[in-house]
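# Observations on chain architecture
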Amino acid sequence: MRARPLSPHLTIYRMSRYSLLSSITNRITGVVLSIGLLALIYWLMAVAGSNREYLRAHEILSSGFFKLVYAGLLLAFCYHLVAGIRHLVWDTGHGLERTQAQKSTWIVVTATVVLVAVLGYWLFLAAGRAS
Amino acid sequence: MKSLRSPLGTVAGLGSAKSGVHHWWLQRLTSIALVPLTIWFTVALLSLPTLDHVTVIAWMAQSWTALLLVLLVLVATYHSQLGVRVVVEDYVHNTGSRTLILVLLTFLHAFLAVAGVFAVLKVAFGGAS
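What counts and what doesn't
- All residue numbers refer to position in the chain's written sequence, counted from 1.
- Chains and ligands are labelled sequentially in the order written, the chains with letters from A and the ligands with numbers from 1.
- Reporting in this predicted model follows two pLDDT cut-offs: at least 70 for local features of residues, and 80 or more for side-chain atom pairs to be given and counted; totals over whole chains, interfaces and linings ignore these cut-offs and use all residues.
- Note on conventions: DSSP H or I runs of at least 4 residues are helices, E runs of at least 2 residues are strands, and numbering of each starts at the N terminus.
- We compute the radius of gyration from the C-alpha atoms alone; for a globule the expected value is 2.2 Å times N to the 0.38, where N is the number of residues.
- To sort residues by burial, count the other C-beta atoms lying within 10 Å of each one's C-beta; a count of 20 or more means buried, 12 or fewer means exposed, and anything in between means partly exposed. C-beta atoms are built from the backbone.
- Contact between two residues is assigned when their C-beta atoms, built from the backbone, lie within 7 Å.
- By definition, pLDDT measures how confident the predictor is in each residue, and it falls between 0 and 100.
- Gly counts as polar in this scheme, as do all residues outside two lists: the nonpolar Ala, Val, Leu, Ile, Met, Phe, Trp, Tyr, Cys and Pro, and the charged Asp, Glu, Lys and Arg.
- One less than the number of residues in a helix, times 1.5 Å, gives the span that helix is expected to have.
- Think of it as the arc spanned by the lines of direction from the helix axis to the C-beta atoms.
- Axis angles are defined between N-to-C directions and span 0 to 180 degrees, where every axis is a line fitted to C-alpha atoms and, for a helix, only to the segment in contact.
- Any angle from 65 to 115 degrees is called roughly perpendicular, while one under 35 is roughly parallel, one over 145 is roughly antiparallel, and all others are oblique.
- Crossings are sorted by hand: turned counterclockwise from the far helix by less than a right angle, the near helix makes the crossing left-handed, and turned clockwise it makes it right-handed.

### Description of the overall build of chain B
Helix and strand counts for chain B stand at five helices and zero strands. Secondary structure elements of chain B occur, N-terminal to C-terminal, as α-α-α-α-α. The globule rule puts the C-alpha radius of gyration for 129 residues at 14 Å, and the 21 Å found for chain B is more than 25% above it. C-alpha atoms of chain B, sized along the principal axes, occupy 70 × 35 × 25 Å. Going through the 129 residues of chain B one by one, you find that 20% of them count as buried. When contacts within chain B are restricted to residue pairs at least 6 apart in sequence, long-range pairs at least 24 apart make up 71% of them.

Below, the structure written as structure tokens:
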């Protein structure tokens, strides 16, 4: 088959452009959250199971490895939520000018940091309470 | 005006299947729904006094909790399916592996959705102890 023309791919763009970098991060965090979905369903199935099954799942889900996973999921969730809302605003046709997009990238980053700090602190408190 | 479609395309029924924005629109619709659902879930989970089995079951057995959890599971798995599908379509160029990965991911998401809904309903209807 004749090779068809393809649109320029990842390597051709200047990734230092704020909006592009922040847009690809939205994708990456989305994939991370999809993996987190596995943990959520595993937990729900454990809740629906017997006491012993729940205890085993609880032990696995509170291990050190999963604490790292939660940190990653927390970051991914906060970013994907904030950046996703910006994508919804973009879909309405607003904020697409270059200067606006660069400015909103900083808003997204700041809002993500604040959200991570608030939820992270709360998670830390909740973890202390639960153990 | 002369039609822009080729005679062969017209005869073979090729062209728009009127589903061009379907995927795009559902991705937006599910993302809007997920904003309140995920915030509710995070706040509700972090507000639980402990995460032992009895506490979690008592929480999940409440009607509103179960209802919102079922919605969360369905909307989140659908949103995830739509999202990873685009990622695979964009970055996996080999047609064979792309199709295979998409089939497996669709099955996985269907499994996750059914498992999640089943688990929540089982607890809500008093099936867990």
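### Some points on the confidence of the model for chain A
Per-residue pLDDT for chain A averages 88, and the proportion of residues at 70 or more is 87%. Within chain A, the element-level pLDDT minimum falls on helix α4 (residues 98-130) of chain A, averaging 88, and the maximum on helix α2 (residues 51-61) of chain A, averaging 95.

### Quick look at the interface of chain B and chain A
The interface of chain B with chain A comprises 29 residues on the first partner and 26 residues on the second. Residue assignment for the side of chain B that touches chain A shows that the elements contributing at least two residues are α2 (22-47), α3 (53-60), α4 (63-91) and α5 (95-124) of chain B. Taken together, the residues of the side of chain B that touches chain A break down into 17 nonpolar, 10 polar and two charged.

### Things to note about α5(B)
Residues and elements named next belong to chain B. The end-to-end C-alpha separation of α5 is 43 Å, in line with the 44 Å expected for 30 residues at 1.5 Å each. Among all positions of α5, only H109, L112, A113, G116, A119, V120, V123 and A124 are buried. Backbone geometry just downstream of α5 places G126 in the positive-phi region, at approximately 80 degrees.

### Observations concerning α3(B)
All names here are of chain B. Among all positions in α3, only H53, V56 and M60 are buried. End-on, the buried residues of α3 take up no more than an arc of 70 degrees, which puts them together on one face. Every exposed residue of α3 that faces more than 90 degrees away from the buried side is listed here: V54 and A58.

### Notes on the packing of helix α3 (residues 64-91) of chain A against α2(B)
Geometrically, a packed helix pair is captured by the angle between its two axes and the distance between the axes. Viewed as axis vectors pointing N to C, α3(A) and α2(B) meet at an angle of 135 degrees, and their least axial separation amounts to 11 Å. Looking at the two axes, α3(A) sits oblique to α2(B). Here α3(A) and α2(B) pass one another in a crossing that is left-handed. For the pair formed by α3(A) and α2(B), the contact residues are F77(A), L81(A), G84(A), I85(A), L88(A) and D91(A) on the first element and R28(B), S31(B), I32(B), V35(B) and T38(B) on the second.

### Observations concerning the environment of H53(B)
Here H53(B) lies in helix α3. Look at H53(B) and you get buried, because 21 C-beta atoms sit within 10 Å. Along the sequence, H53(B) and A128(B) sit 75 residues apart, while their C-alpha atoms lie 9.6 Å from each other. Each residue touching H53(B), except ones within four places of it in the same chain, is listed here: N51(A) and Y54(A).

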